[in-house]
Amino acid sequence: MDTAQYFAFVPLLLYGIGLANLLEEWKRIFNIKEVYLPYTLITIILTETALYNVFIYIDLIGDMTGLSYLGYLSMLVAPFLFLLATHAFTPDKEANTREYFDEQIPVFFTLMALFVASHFTYVFVEPAPTKFIRIVAIGLLLLIAFTRKIWPLYVVSLIWAASLLLKGGIIFIVK
């Protein structure tokens, strides 16, 4: 195992823990008593986001060789924010999905805005519109966090769906 692979272990572990937490929540999507559309959309979006972020670490691992300690800590910011966001997002087993979600809106969406913003610290090949999409997403996430309005979530969902096409392009660029 070279140094870069060793350094990549912790960020990938953090994403893995967050992803495991999310995958456990998929059962709420299939329980008719627990279905809440905003929660379902975010569960799907977060799952894909975790998988995408693990995927882009392939490109970032090469940059970890010779990394300083502070540089390494900066690589942990996004995975740590993602883990915090997933824990803020996922309710306890006995909690009502909608009530928990509505209560956690400010914390969860603020953490997600910080998570999206943390991606500006990375340098990797991505389509030009990605930065603009991130800025718009950050604005919408903060709008949801501070107003508790759900309609911007549907806009975020549409942006996410459109961004899948850009992410598909990244898959071909990296290969």
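Residues numbered from 1 in each chain as written. Predicted model: local features only at pLDDT ≥ 70, side-chain atom pairs only at ≥ 80, totals over all residues. Heavy atoms only, no water.

## Observations concerning the confidence of the model for the protein
Considering every residue of the protein, the mean pLDDT works out to 85; 89% of them sit at 70 or more. When mean pLDDT is compared element by element in the protein, helix α4 (residues 97–118) scores highest at 95, while helix α6 (residues 151–174) scores lowest at 76. (pLDDT = per-residue confidence, 0-100. Helix = DSSP H or I, 4+ residues; strand = E, 2+ residues; numbered from the N terminus.)

## As for helix α5 (residues 129–147)
Taking 1.5 Å per residue, 19 residues should reach 27 Å; α5 reaches 27 Å between its end C-alpha atoms and fits that length. Three or more residues of α5 are buried, namely T130, R134, A137, I138, L140, L141, I144 and A145. Positioned one or two residues after α5, R148 has a phi angle of 65 degrees, which is positive. (Expected span 1.5 Å × (residues − 1). Buried < 20%, exposed > 50% of the residue type's maximum accessible area, 1.4 Å probe, protein only.)

## What to know about a nonpolar patch on the surface
Together, L37, L143, W151, Y154 and V155 make up an exposed nonpolar region whose accessible area comes to about 450 Å². Ranked by the residues each element gives to the nonpolar patch, the list is headed by α6, at three residues. Examined against the element boundaries, V155 turns out to sit in helix α6. (Patch = residues over 30% accessible without salt bridge, like charges linked within 9 Å, V, L, I, M, F, W, Y side chains within 5 Å. Areas by Shrake-Rupley, 256 points an atom, 1.4 Å probe, with all protein chains shown as cover. Salt bridge = Lys/Arg side-chain N within 4 Å of Asp/Glu carboxyl O.)

## Topic: the packing of aromatic side chains
Scanning the model with the defined rule gives nine aromatic pairs in all. For the pair Y15 and F82, a centre-to-centre distance of 5.5 Å together with 50 degrees between the ring planes defines the contact as tilted. With Y15 in helix α1 (residues 3–29) and F82 in helix α3 (residues 69–89), this residue pair connects regions lying 67 residues apart in the sequence. Exposure class is identical for Y15 and F82. Each is buried. Ring centres of Y39 and F101 lie 6.4 Å apart, and the angle between their planes is 90 degrees; on these two criteria the pair is classed as edge-to-face. Linking Y39 in helix α2 (residues 37–61) with F101 in helix α4, this pair joins segments that are 62 residues apart in sequence. On the basis of relative accessible area, Y39 is assigned to the buried category, the value being 1%. Here F101 falls in the buried class, since its relative accessible area comes to 2%. (Phe/Tyr/Trp six-rings, centres within 6.5 Å; stacked < 30°, edge-to-face > 60°.)

## Overview of the side chain of E48
Looking at where E48 falls in the secondary structure, it is placed in helix α2. Overall, E48 belongs to the buried group, its relative accessible area being 18%. Those residues in contact with E48, other than ones at most four positions away along the chain, are W160, L164 and K167. (Contact = heavy atoms within 4.5 Å.)

## Side note on the environment of Q5
Here Q5 lies in helix α1. A relative accessible area of 43% means that Q5 is categorised as partly exposed. Put simply, Q5 and T65 are 60 residues apart on the chain and 8.7 Å apart in space, counted from C-alpha to C-alpha.

## Notes on unusual backbone geometry
Unusually for a residue other than glycine, R148 sits at a positive phi of about 65 degrees. Tracing the sequence through the fold places R148 in the loop between α5 and α6.

## Brief notes about the nonpolar core
Counting 43 residues, the largest nonpolar core has I42, L46, F89, F101, F108, F109 and F115 as its most contacted members. At the level of elements, α1, α2, α3, α4, α5 and α6 are the ones that each hand at least two residues to this core. At 10 residues, the largest contribution of residues to this core is made by α3. When near neighbours in sequence (up to four residues on either side) are disregarded, L46 contacts L22, F82, F89, F108 and M112. (Core = buried A, V, L, I, M, F, W, Y, C linked by side-chain atoms within 4.5 Å.)

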